[in-house]
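These are the residues of each chain, in order.
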Amino acid sequence: MIMYRKAFHEIFFYFDGLIDSVEFSSKVRKKHLEWNVEVALKWTTIFLSFVTIGGLIVNCYDLYETNFSSPMRFLIPGLSRSSIFFFPANIIFQVTLYFAILHVIMGSDAVIMITICYFRSENQAVVEFIEQLDESEIVQKNCNGIFRNIYEVHQTVTWNMKKLLEGYWHIYFYKLFTIILYLCTLLFIFQSVNISMMIVLLCALIVTAQIFILCFFGQLLRNSSEAIAEALYMTKWYEMGIEDQKNLLLLLLRFQKAVKIEAFGFGTISIYTFVQIIKAAASYASIAYTIFK
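All of these numbers come straight from a predicted model, not from anything done at the bench.

Caption draft 1: Region of interest: the overall build of the protein chain. For the protein chain, the count of helices and strands is seven helices and two strands. Ordered by position in the sequence, the α and β elements of the protein chain form the string α-α-α-α-α-α-β-β-α. In terms of overall size, the protein chain is more extended than a compact globule, its C-alpha atoms giving a radius of gyration of 25 Å where 293 residues would be expected to give roughly 19 Å. Taken over the C-alpha atoms alone, the protein chain extends approximately 85 × 45 × 30 Å along its principal axes. Burial analysis of the protein chain (293 residues in total) assigns 43% to the buried set. Counted over contacts in the protein chain with a minimum sequence separation of 6, partners at least 24 positions apart contribute 77%.

Structural data, given as structure tokens:
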């Protein structure tokens, strides 16, 4: 995230500019932007609340299991159990460290969700522009102007989206690869150590929720991009003039390639990726348990 902060800042400035404009296209884009940001904030709130509550339960369980000395199951070196600082230092430091790490990781997921919803709103705005061509009167009078508007908006969106996807190509790889390692280790440890099944399920759900969020929003972006070509295909092209039909074909060729998030080693990010990651993690954990048990 830090490596690509410049690209993120440029993209947020780009969306801020939509609100200041009074053009018709900007009003439509602003409408979809507001709705999608609201959706993103709701998902982010639910996700962070679930992770925070789940993390608190796991932390309290570990604290109880270690006789209120080690919520992260390690001890600060150099502090003897007889010291008056042993319990407060270990508990305060470990709880703070735990939630700091947790919210840095989940906070970056929230940024991903919000930025994807920003671009999803732009794709939905393009679809609404295209839907104007369903009205015969508009097709006959202002078809060429609508095509130009669609092309300009889509070109701007695609240019900004490419900057973001260049960063996501790396970010998604780091996140998904790390999650797979963590989930495999988690499943292996829970098979080997006597821990409450409720804690096992809760930890697995937290990690699974993170994978699902990343893959689900990747799917949303792809669906919104594919909807543009589909909306253009469903227009009343047969009522257009020859010149407008040629322009329509050119736009269809341009919109055929859907914008999608890709990650090194994982390919296109979608719900299918989520299923594959869960299957792979379970398989690797079973192999590790068989070898090392």
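Further notes follow.
Caption draft 2: Layout of unusual backbone geometry. Positive phi values are uncommon outside glycine, yet Asn67 reaches one of about 55 degrees. Topologically, Asn67 is positioned in the loop between helix H2 (24-65) and helix H3 (86-131). Phi at Phe68 takes a positive value of approximately 60 degrees, unusual for a residue other than glycine. Take Phe68: it is sitting in the loop between H2 and H3.

Caption draft 3: Representation of the packing of H3 against helix H5 (residues 197-233) in the model. Interhelical geometry of H3 versus H5 gives an angle of 15 degrees and a closest axis separation of 9 Å. One element, H3, and the other, H5, form an angle in the roughly parallel class. Viewed along their axes, H3 and H5 form a crossing whose handedness is left-handed. Its residues assigned to classes, the contact of H3 with H5 shows 20 nonpolar, five polar and two charged.

Caption draft 4: Representation of the pattern of salt bridges. The tally for this structure, following the rule as stated, stands at five salt bridges. One salt bridge connects Lys31 with Glu128, and the closest N-O pair in it is separated by 3.0 Å. Here Lys31, found in helix H2, pairs with Glu128, found in helix H3; they are 97 residues apart in sequence, far enough to count as distant. A relative accessible area of 24% means that Glu128 is categorised as partly exposed. Taking the shortest distance from any N to any O, the salt bridge between Asp109 and Lys175 comes out at 2.7 Å. With a gap of 66 residues between them, Asp109 in helix H3 and Lys175 in helix H4 (residues 136-192) connect regions that are remote in the sequence. Summarising the burial analysis for this pair, Asp109 and Lys175 share the class buried.

Caption draft 5: Layout of the packing of aromatic side chains. Applying the stated rule across the entire model yields 11 aromatic pairs. Seen in terms of ring centroids, Tyr168 and Tyr172 are 5.8 Å apart; in terms of plane orientation they differ by 65 degrees. Their pairing is edge-to-face. Residue Tyr168 and its partner Tyr172 are both found in helix H4; the two are separated by four residues, about one turn of the helix. Across the pair, exposure class does not vary: Tyr168 and Tyr172 are buried alike. One aromatic cluster is present, formed by Trp43, Phe212, Phe216, Phe217 and Phe274 through successive ring pairs.

Caption draft 6: Geometry of the environment of Ile91. Its place among the elements puts Ile91 in helix H3. Along the chain, Ile91 and Leu248 lie 157 residues apart, while their C-alpha atoms are 65 Å from each other. In this structure Ile91 touches Leu63, Phe68, Ser69 and Pro71, once residues within four positions along its chain are discounted.

Caption draft 7: Examining the nonpolar core more closely. With 77 residues, the main nonpolar core has Tyr168 and Tyr172 as its most contacted residues. Tyr172 has contacts with Ile112, Ile116, Leu214, Gly218, Ile261, Ala263 and Ile269, leaving out every residue within four places of it along the chain.

Caption draft 8: Up close: the packing of H5 against helix H6 (residues 242-255). Where H5 contacts H6, the two axes come as close as 9 Å, and the packing angle between them is 160 degrees. Taken together, H5 and H6 sit at an angle that is classed as roughly antiparallel. Both H5 and H6 take part in a crossing whose hand is left-handed. Between H5 and H6, the residues in contact are Ile228, Ala229, Leu232 and Tyr233 and Leu248, Leu251, Leu252 and Phe255, respectively.

Caption draft 9: Structural detail: the state of the cysteines. Taken as a whole and judged by the stated rule, the model has zero disulfides. Of the cysteine sulfurs around Cys60, a residue in no disulfide, the closest is that of Cys203, at 13 Å. Classification of Cys60 as partly exposed rests on a relative accessible area of 44%. Here Cys117 stays unpaired: no disulfide links it, and the sulfur of Cys215, its closest cysteine neighbor, is 15 Å away.

Rules used in this analysis
Residues numbered from 1 in each chain as written. Predicted model: local features only at pLDDT ≥ 70, side-chain atom pairs only at ≥ 80, totals over all residues. Heavy atoms only, no water. Helix = DSSP H or I, 4+ residues; strand = E, 2+ residues; numbered from the N terminus. Rg over C-alpha atoms; globule rule 2.2 N^0.38 Å. Buried < 20%, exposed > 50% of the residue type's maximum accessible area, 1.4 Å probe, protein only. Contact = heavy atoms within 4.5 Å. Axes fitted to C-alpha atoms, helices over the stretch in contact; angles between N-to-C directions. Parallel < 35°, antiparallel > 145°, perpendicular 65-115°, else oblique. Left-handed = near helix turned anticlockwise from the far one by under 90°. Nonpolar A, V, L, I, M, F, W, Y, C, P; charged D, E, K, R; others polar. Salt bridge = Lys/Arg side-chain N within 4 Å of Asp/Glu carboxyl O. Phe/Tyr/Trp six-rings, centres within 6.5 Å; stacked < 30°, edge-to-face > 60°. Core = buried A, V, L, I, M, F, W, Y, C linked by side-chain atoms within 4.5 Å. Disulfide = S-S within 2.5 Å.

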